[in-house]
Amino acid sequence: AVFKVCQLEFLVKHAEALLNASRTVLGSTLTNSLVKYTFFRHFCAGENSADMKPVIHMLEQNNIGPILDYAAESEGGKDDDAISDGEDGIFTQP
(Lines give C-alpha, C1' and ligand atoms only; values in the text may rest on other atoms or scores of the structure.)
Protein backbone atom coordinates (compact mmCIF):
# COMPACT_ATOMS: atom_id res chain seq x y z
CA ALA A 1 0.00 0.00 0.00
CA VAL A 2 2.87 2.40 0.78
CA PHE A 3 4.39 1.90 -2.67
CA LYS A 4 1.02 2.54 -4.31
CA VAL A 5 0.68 5.82 -2.41
CA CYS A 6 4.23 6.78 -3.44
CA GLN A 7 3.15 6.42 -7.07
CA LEU A 8 0.40 9.04 -6.76
CA GLU A 9 1.97 12.06 -8.41
CA PHE A 10 -0.29 14.57 -6.62
CA LEU A 11 0.66 13.23 -3.19
CA VAL A 12 4.37 13.15 -4.04
CA LYS A 13 4.40 16.69 -5.44
CA HIS A 14 2.38 18.12 -2.56
CA ALA A 15 3.66 15.95 0.31
CA GLU A 16 5.08 18.81 2.35
CA ALA A 17 1.93 20.92 2.05
CA LEU A 18 -0.23 17.89 2.90
CA LEU A 19 1.89 17.11 5.95
CA ASN A 20 1.65 20.72 7.09
CA ALA A 21 -2.14 20.66 6.65
CA SER A 22 -2.32 17.39 8.57
CA ARG A 23 -0.28 18.87 11.41
CA THR A 24 -2.66 21.83 11.52
CA VAL A 25 -5.80 19.66 11.54
CA LEU A 26 -4.65 16.55 13.43
CA GLY A 27 -1.70 17.94 15.34
CA SER A 28 1.98 17.05 15.13
CA THR A 29 1.81 14.03 17.41
CA LEU A 30 -0.85 12.21 15.41
CA THR A 31 0.60 13.20 12.03
CA ASN A 32 4.11 12.12 13.03
CA SER A 33 2.74 8.82 14.37
CA LEU A 34 0.91 8.15 11.11
CA VAL A 35 4.07 8.82 9.10
CA LYS A 36 6.21 6.75 11.46
CA TYR A 37 3.97 3.68 11.32
CA THR A 38 3.45 3.81 7.55
CA PHE A 39 6.18 5.36 5.41
CA PHE A 40 9.01 5.38 7.95
CA ARG A 41 8.30 1.82 9.04
CA HIS A 42 8.17 0.65 5.43
CA PHE A 43 11.47 2.20 4.36
CA CYS A 44 13.50 2.31 7.61
CA ALA A 45 14.55 -0.43 10.01
CA GLY A 46 14.25 1.85 13.03
CA GLU A 47 15.42 4.92 14.84
CA ASN A 48 18.14 3.21 16.90
CA SER A 49 19.99 -0.09 17.18
CA ALA A 50 17.38 -1.59 19.52
CA ASP A 51 14.66 -0.92 16.93
CA MET A 52 16.78 -2.33 14.10
CA LYS A 53 17.83 -5.64 15.69
CA PRO A 54 14.55 -7.53 15.15
CA VAL A 55 14.27 -6.22 11.58
CA ILE A 56 17.85 -7.26 10.80
CA HIS A 57 17.19 -10.67 12.36
CA MET A 58 14.03 -11.15 10.25
CA LEU A 59 15.91 -10.16 7.08
CA GLU A 60 18.75 -12.55 7.88
CA GLN A 61 16.25 -15.38 8.52
CA ASN A 62 15.08 -14.83 4.94
CA ASN A 63 18.64 -14.76 3.55
CA ILE A 64 18.49 -11.01 2.97
CA GLY A 65 21.48 -8.93 3.98
CA PRO A 66 20.60 -5.52 5.39
CA ILE A 67 22.20 -2.32 4.17
CA LEU A 68 22.54 0.14 7.02
CA ASP A 69 22.86 3.81 6.23
CA TYR A 70 23.05 6.81 8.50
CA ALA A 71 20.85 9.64 7.26
CA ALA A 72 20.95 13.11 8.75
CA GLU A 73 18.71 15.84 7.45
CA SER A 74 19.56 19.48 7.43
CA GLU A 75 17.39 22.57 7.29
CA GLY A 76 20.17 24.39 5.44
CA GLY A 77 20.86 26.79 8.29
CA LYS A 78 23.99 28.65 9.33
CA ASP A 79 25.01 25.91 11.79
CA ASP A 80 25.30 23.39 8.96
CA ASP A 81 28.79 24.72 8.29
CA ALA A 82 29.83 23.30 11.68
CA ILE A 83 29.20 19.70 10.59
CA SER A 84 32.44 17.80 10.15
CA ASP A 85 33.48 14.30 9.18
CA GLY A 86 33.77 12.08 12.26
CA GLU A 87 36.46 9.49 12.76
CA ASP A 88 34.20 6.67 11.50
CA GLY A 89 33.14 8.55 8.40
CA ILE A 90 29.88 9.58 10.04
CA PHE A 91 29.05 13.24 10.01
CA THR A 92 28.87 14.63 13.52
CA GLN A 93 28.23 17.97 15.14
CA PRO A 94 31.23 19.16 17.21
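Residues numbered from 1 in each chain as written. Predicted model: local features only at pLDDT ≥ 70, side-chain atom pairs only at ≥ 80, totals over all residues. Heavy atoms only, no water.

*Asks:* Help me out: how do you make sense of the pattern of salt bridges in this one?
*Replies:* Scanning all chains against the criterion turns up two salt bridges. Linking E9 and K13 is a salt bridge whose minimum nitrogen-to-oxygen distance equals 2.9 Å. Of this pair, E9 and K13 both sit in helix α2 (residues 9-13), four residues apart, roughly one helical turn. Taking the relative accessible area as the measure of exposure, E9 reaches 53% and is therefore exposed. For the salt bridge of E47 with K36, the shortest nitrogen-to-oxygen distance reads 2.8 Å. (Salt bridge = Lys/Arg side-chain N within 4 Å of Asp/Glu carboxyl O. Helix = DSSP H or I, 4+ residues; strand = E, 2+ residues; numbered from the N terminus. Buried < 20%, exposed > 50% of the residue type's maximum accessible area, 1.4 Å probe, protein only.)

*Asks:* Even after reading the chapter, I still don't get the layout of surface pockets, so can you show me in this structure?
*Replies:* Rolling a probe over the atoms, with the probe sized like a water molecule, indicates the empty space that remains. If you add up the space inside the largest pocket, you get close to 630 Å³. Those elements that place two or more of their residues in the lining of the largest pocket are α4 (28-43) and α5 (49-61). Considering every element that reaches the lining of the largest pocket, the biggest residue donor is α5, with four residues. Across the lining of the largest pocket, the residue classes break down as 14 nonpolar, two polar and three charged. Here the second largest pocket defines a volume of roughly 450 Å³. Taken together, the elements giving at least two residues each to the lining of the second largest pocket come down to α1 (2-6), α2, α3 (15-26) and α4. It is α4 that provides the largest number of residues to the lining of the second largest pocket, a total of five residues. For the lining of the second largest pocket, a count of residues per class yields eleven nonpolar, two polar and no charged. (1 Å grid on protein atoms, 1.4 Å probe; cavity = no way out; pocket = protein on both sides within 12 Å on 5 of 7 lines; lining within 4 Å. Points joined across faces, edges and corners; volume = space filled by probe spheres on them. Nonpolar A, V, L, I, M, F, W, Y, C, P; charged D, E, K, R; others polar.)

Purely geometric numbers; function is a separate question.
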